[in-house]
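Per-entry structural report
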Amino acid sequence: VIIWLLHTNIFMSTTSRIMKFNKDVTPQRRKQRKALFQAPDHERGKHLVCKLSKDLRDKYSVKRITVITGDKVKVVSGHKDHRIEGEVKMVDRKKYRIHVEGAFQKSAKADSDATKKYIAISPANCIITEAKLYANRERLLNKNKKWIY
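The notes below deal with the structure included here. (Residues numbered from 1 in each chain as written. Predicted model: local features only at pLDDT ≥ 70, side-chain atom pairs only at ≥ 80, totals over all residues. Heavy atoms only, no water.)

Some points on the sheet that holds strand β9 (residues 126–130)
- The mixed open sheet is built from seven strands, whose spatial order is β4-β3-β9-β5-β6-β7-β8. A strand with exactly one partner marks an edge of an open sheet, and here the two such strands are β4 (64–66) and β8 (116–121). The average angle at which neighbouring strand axes cross in this sheet is 55°, direction not considered.
- Examined bridge by bridge, strand β5 (residues 72–75) and strand β6 (residues 85–92) share three bridges and lie antiparallel to one another. When the sheet's bridge partners are listed, Val 73 is paired in β6 with Gly 86. (Pairing = 2+ DSSP bridges. Helix = DSSP H or I, 4+ residues; strand = E, 2+ residues; numbered from the N terminus. Axes fitted to C-alpha atoms, helices over the stretch in contact; angles between N-to-C directions.)

Details of unusual backbone geometry
- Its identity as a non-glycine residue notwithstanding, Ser 61 has a phi of 60°, on the positive side.
- Looking at the element boundaries, Ser 61 is found in the loop between α3 (54–60) and β4.
- A residue is classified by how much of its surface remains accessible, and Ser 61, at 33% relative accessible area, is partly exposed.
- Of note in this structure, Tyr 96 is not a glycine but carries a positive phi near 60°.
- Turning to its location among the elements, Tyr 96 is positioned in the loop between β6 and β7 (97–106).
- Look at Tyr 96 and you get buried, because its relative accessible area is 9%. (Buried < 20%, exposed > 50% of the residue type's maximum accessible area, 1.4 Å probe, protein only.)

Examining the nonpolar core
- Ile 121 and Ile 128 are the most contacted members of the largest nonpolar core, which totals 20 residues.
- Residue assignment for this core shows that the elements contributing at least two residues are β3 (49–52), α3, β5, β7, β8 and β9.
- If you tally residues by element for this core, the top one is β7, at three residues.
- Not counting the four nearest positions on each side in its chain, Ile 128 is found in contact with Cys 50, Lys 51, Leu 52, Ser 53, Leu 56, Ile 65, Val 67, Asp 71, Lys 72, Val 73 and Arg 137. (Core = buried A, V, L, I, M, F, W, Y, C linked by side-chain atoms within 4.5 Å. Contact = heavy atoms within 4.5 Å.)

Topic: the pairing of β3
- Direction of pairing for β3 relative to β4: antiparallel, over a ladder of three bridges. If you follow Val 49 over to β4, its bridge partner there is Thr 66.
- In the sheet, β3 pairs with β9 via two bridges, with the strands oriented parallel. Each residue of the ladder has a partner; that of Lys 51, found in β9, is Ile 127.

Any link to function would need more than the numbers given here.
As structure tokens, then:
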């Protein structure tokens, strides 16, 4: 359904009721995807976030943080062998995926030549059970505590 607004040359769809206030941000899906896939490396890290486990959420008062190499994660969905727990071995910013220590597949070669190949897992399907803390990360997590009443 399209509504013609009086005295203007603007068509407005009743299905899209959200008004766009920032003219620099587009709501178009194709442009959002293009921005995601052409994002520079420092912006890609912002998309690589995992939820925190219940005890870490209570401790730091934060729902999710950026995943880094060394965090211990649990795969909760999206993989045939889900419920894998392990340490993050590599964060692939180019493909927006992480490699977990326990999630691997063997090559199809003979058993003597079998090599392990890590399976790329989306960080949205994981929960951080133990966070690797260094000075800056710990400061960021503790900064949010003072805002809780």
